[in-house]
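Observations on chain architecture
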Amino acid sequence: MTAFPFDNSYARDLEGLWLKAMPSRVSDPQLIRFNNELAQELGLDLSAYDDPGLAAVLTGNDIPDGAQPLAMAYAGHQFGHFSPQLGDGRAILLGEVIDRQGRRRDIQLKGPGRTPFSRNGDGRAALGPVLREYIVSEFMHAAGIPATRALAAVLTGDEVYRETVKPGGVFTRVAASHIRVGTFQFFAARGDMGAVKRLADFTMARHYPEAANATRPYLALFEAALERQAQLIAKWTAIGFVHGVMNTDNMAVSGETIDFGPCAFIDHYDPDALFSSIDQNGRYAFSNQPLIAQWNLARLAETLVPLIDANQDEAVRLVTEVLETFPERFESRRLAEMRLKFGLSTPREEDAALFKQLLDLMQLEAIDYTVAFRRLASDADEVGQDSDFVNLFADKANVESWLQSWRERLLAEGTKATSAGLTMQVANPAYIPRNHRIEGAIRAAEDDGDLGPFQKLADVLARPYDDQPENAAYQTPPRPEERVTKTFCGT
Ligand code: AMP
Ligand code: MG
């Protein structure tokens, strides 16, 4: 049996949409972490490899049978400005496998060296961003949020040159696909509608096969992708995730979270939360994410217009109509996510206001978002005066009166506080990848060669909803001097 049962449809069906690329040799590959559970899910049979053998494959030193290494072409709007040619400059697709559930998954190396799209870059990844992506993408998965996955993190044994010299790494990313809004833009910007159509057909077959049966398949494709984004951003909002660099090249049409560069999770509740060091205008701030998602979807819509109707005015009208449903869809998805966090099971008119009241109180006092919901969950059946939840707030009168309304709302739908508490335990994580913890793990790894904090953090975050009393310290928000307020891009 071959180790990787590759079946490379992008290479086979979309000639002209990618370029050949070969990983460049690295000196001394060392496996840092390998995701056995995911390897199983993918149906890989790696029994023939020892750790060094696996590290060689996962840096690109050894190309496994059946792989067809390539770099995908894509463009993208970066902070609102169009770059017609980006492409995989720091990533190489090894190929695709069909997983145990019949889903087609990409296996891609990030940081394997230069490709035809590298421009002035070295095609390499520093260890820090590799570790960040591992931690955050696996956490997203554990929290039930669609995201690309981490198969492995490997040290290359070579140095990379950034602001300072850093250890190099390679990250193995697994994705439903790497088709981005920017992939469509690349060909649309060149007026190559033949390529856009082939890409749209491929995307439809791979991600939204039901669209093919619609009266207007490409409009249905757009609507399906839009719905998936509304669901995704609603989940980000509910958990407090700030992507940080929602350029159109960093939005996967599959609806998975992709590219964990300057991303961060909010600690205290703040709708304006913004971490990325390069985002001066707050374009990608926490509460701006649904607006940006819709903006990005408008860019996708533009590429599909010629396919939707021979009459372009009619096509624009149709696609605009769908695009304009985004805010409403997002809000209804967000409320659904929030209802789970609040232990509610039926929608009610007053929910939006009830949720906002608590969020406003949390914002006013800069209360830790994750801790607050977790305490509300564990105190659900006894929240009164002096509960752990109430004690988070200085202004107790206000929060107690809010609790009263929440109790009444639970009663009104016939939900017992005790059972609400139980469902809330699985909707509100105890553990999130706190920025200061990620930063600590990266500093230890890059500066001291100590991978212990990374391994520990990854272990703790694999079970975000479990109490794990022995790891309670990982629940704690940063002390003021520990707070990380700026994050940097993943290069
Ligand atoms: P990102 O900011 O990671 O989404 O990357 C934006 C674009 O820059 C993509 O086309 C990447 O392939 C490219 N890029 C980023 N870092 C590097 C690098 N070190 N070498 C070559 N290309 C890179
Ligand atoms: Mg990117």
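Please read these numbers as outputs of a predicted model, since none were measured by experiment.

Thresholds, definitions, all that
- Residues numbered from 1 in each chain as written.
- Chains lettered and ligands numbered in written order.
- Predicted model: local features only at pLDDT ≥ 70, side-chain atom pairs only at ≥ 80, totals over all residues.
- Heavy atoms only, no water.
- 1 Å grid on protein atoms, 1.4 Å probe; cavity = no way out; pocket = protein on both sides within 12 Å on 5 of 7 lines; lining within 4 Å.
- Points joined across faces, edges and corners; volume = space filled by probe spheres on them.
- Helix = DSSP H or I, 4+ residues; strand = E, 2+ residues; numbered from the N terminus.
- Nonpolar A, V, L, I, M, F, W, Y, C, P; charged D, E, K, R; others polar.
- Buried < 20%, exposed > 50% of the residue type's maximum accessible area, 1.4 Å probe, protein only.
- Contact = heavy atoms within 4.5 Å.
- Salt bridge = Lys/Arg side-chain N within 4 Å of Asp/Glu carboxyl O.
- Expected span 1.5 Å × (residues − 1).
- Donors = N, O, S within 2.8 Å, 3.2 Å for Na, K, Ca; no water.
- Axes fitted to C-alpha atoms, helices over the stretch in contact; angles between N-to-C directions.
- Parallel < 35°, antiparallel > 145°, perpendicular 65-115°, else oblique.
- Left-handed = near helix turned anticlockwise from the far one by under 90°.
- Core = buried A, V, L, I, M, F, W, Y, C linked by side-chain atoms within 4.5 Å.
- Phe/Tyr/Trp six-rings, centres within 6.5 Å; stacked < 30°, edge-to-face > 60°.
- Lys NZ or Arg CZ within 6 Å of the ring centre and 35° of its normal.

It is worth spelling out empty space enclosed by the protein at this point. Per the counting criterion, the structure on display carries 3 cavities of 30 Å³ or more. The calculated volume of the largest cavity comes to roughly 70 Å³. Along its surface, the largest cavity is lined by 13 residues, and Gln229, Leu232, Trp236, Asn250 and Met251 are the ones closest to its centre. The dominant element in the lining of the largest cavity, judged by the number of residues it contributes, is helix 7 (residues 217-239), at 4 residues. Within the lining of the largest cavity, the residues separate by chemical class into 7 nonpolar, 5 polar and 1 charged.

Before going further, it helps to examine the environment of Glu314. With respect to the helices, strands and loops of the structure, Glu314 is situated in helix 9 (residues 312-323). Given a relative accessible area of 24%, Glu314 falls into the partly exposed group. Contact partners of Glu314, with chain neighbours within four places excluded, come to Arg216 and Asp309.

For the structure on display, the rule yields 44 salt bridges. Across the pair Lys166 and Glu446 runs a salt bridge whose closest N-O atoms are separated by 3.1 Å. Of this pair, Lys166 sits in strand 10 (residues 165-175) while Glu446 is found in helix 15 (residues 435-448), placing the two residues 280 residues apart along the sequence. On the basis of relative accessibility, which here comes to 14%, the residue Lys166 falls in the buried class. Glu446 gets classed as buried once you look at its relative accessible area, which sits at 12%.

In this model helix 4 (residues 127-142) runs 23 Å from its N-terminal to its C-terminal C-alpha over 16 residues, within 8% of the 22 Å that 1.5 Å per residue would give. Once helix 4 finishes, Gly144 follows within two positions and takes phi at roughly 75 degrees, a positive value.

Ideal geometry at a metal centre gives angles of 109.5 degrees when four donors are arranged tetrahedrally and 90 or 180 degrees when six donors are arranged octahedrally. Looking at the magnesium ion (ligand 2), the protein donor atoms are Asn250 (OD1) and Asp259 (OD), and they sit 1.9 to 2.1 Å from it. The exposure class assigned to Asp259 is buried, which follows from its relative accessible area of 12%.

Let's shift gears to the packing of helix 5 (residues 181-189) against helix 8 (residues 289-308). Contact pair helix 5 / helix 8: the axes reach a minimum separation of 9 Å and the direction vectors enclose 40 degrees. Taken together, the axis directions place helix 5 and helix 8 in an arrangement best described as oblique. Helix 5 and helix 8 meet at a crossing whose hand is left-handed. Across from Val181, Phe184, Gln185 and Ala188 in helix 5, the residues of helix 8 making contact are Asn296, Arg299, Leu300, Thr303 and Leu304. By residue class, the composition of the contact of helix 5 with helix 8 is 5 nonpolar, 3 polar and 1 charged.

Bringing the nonpolar core into the picture now. As a rule of thumb, soluble globular proteins bury nonpolar side chains together. One finds Tyr10, Met140, Phe184, Phe222 and Phe241 to be the most contacted residues of the largest nonpolar core, which totals 95 residues. Examining the composition of this core, we find that 14 residues originate from one element, helix 7, more than from any other. Not counting chain neighbours up to four residues away, the residues in contact with Met140 comprise Ile145, Ala147, Trp236, Phe241, Thr257, Phe260 and Phe265. Listed in part, the 35 residues of the second largest apolar core include Phe342, Leu376, Trp402 and Ala420.

A separate point is helix 6 (residues 193-207). Relative to the 21 Å expected for 15 residues at 1.5 Å per residue, helix 6 spans 20 Å between its end C-alpha atoms, a close match to the ideal helical length. Listed in full, the buried residues belonging to helix 6 are Ala195, Val196, Leu199, Ala200, Phe202, Thr203, Met204, Arg206 and His207.

Another point: the packing of aromatic side chains. One pass over the structure, following the stated rule, counts 18 aromatic pairs. Consider the rings of Tyr134 and Phe454, whose centres lie 5.8 Å apart with planes at 90 degrees: the pair is edge-to-face. Here Tyr134, found in helix 4, pairs with Phe454, found in helix 16 (residues 452-461); they are 320 residues apart in sequence, far enough to count as distant. Taking relative accessible area as the criterion, Tyr134 reaches 3% and is therefore assigned buried. When its relative accessible area of 0% is taken as the criterion, Phe454 is described as buried. When the centroid spacing of 5.2 Å and the interplanar angle of 55 degrees are considered together, the rings of Phe241 and Phe265 count as tilted. With Phe241 in strand 11 (residues 241-242) and Phe265 in strand 12 (residues 264-265), the pair connects residues that are 24 residues apart, well separated along the chain. Each member of the pair, Phe241 together with Phe265, is buried. Taken together, the aromatic side chains of Tyr269, Phe342, Phe355, Tyr369, Phe373, Trp402 and Trp406 make up a single cluster linked through ring pairs. Of note, Arg299 hangs over the ring of Trp295, and the distance from its end group to the ring centre comes to 4.4 Å. The lysine or arginine in question, Lys341, covers the ring of Phe373, its NZ or CZ lying 4.6 Å from the ring centre.

Two elements in contact, helix 8 and helix 10 (residues 326-341), have axes separated by 10 Å at closest approach and are oriented at 140 degrees. Here helix 8 lies oblique to helix 10, going by the angle between them. Seen along the crossing, helix 8 lies across helix 10 with a hand that is right-handed. On helix 10, the residues touching Pro290, Ala293, Gln294 and Leu297 of helix 8 are Phe326, Pro327 and Phe330.

In short, geometric facts, not functional conclusions.
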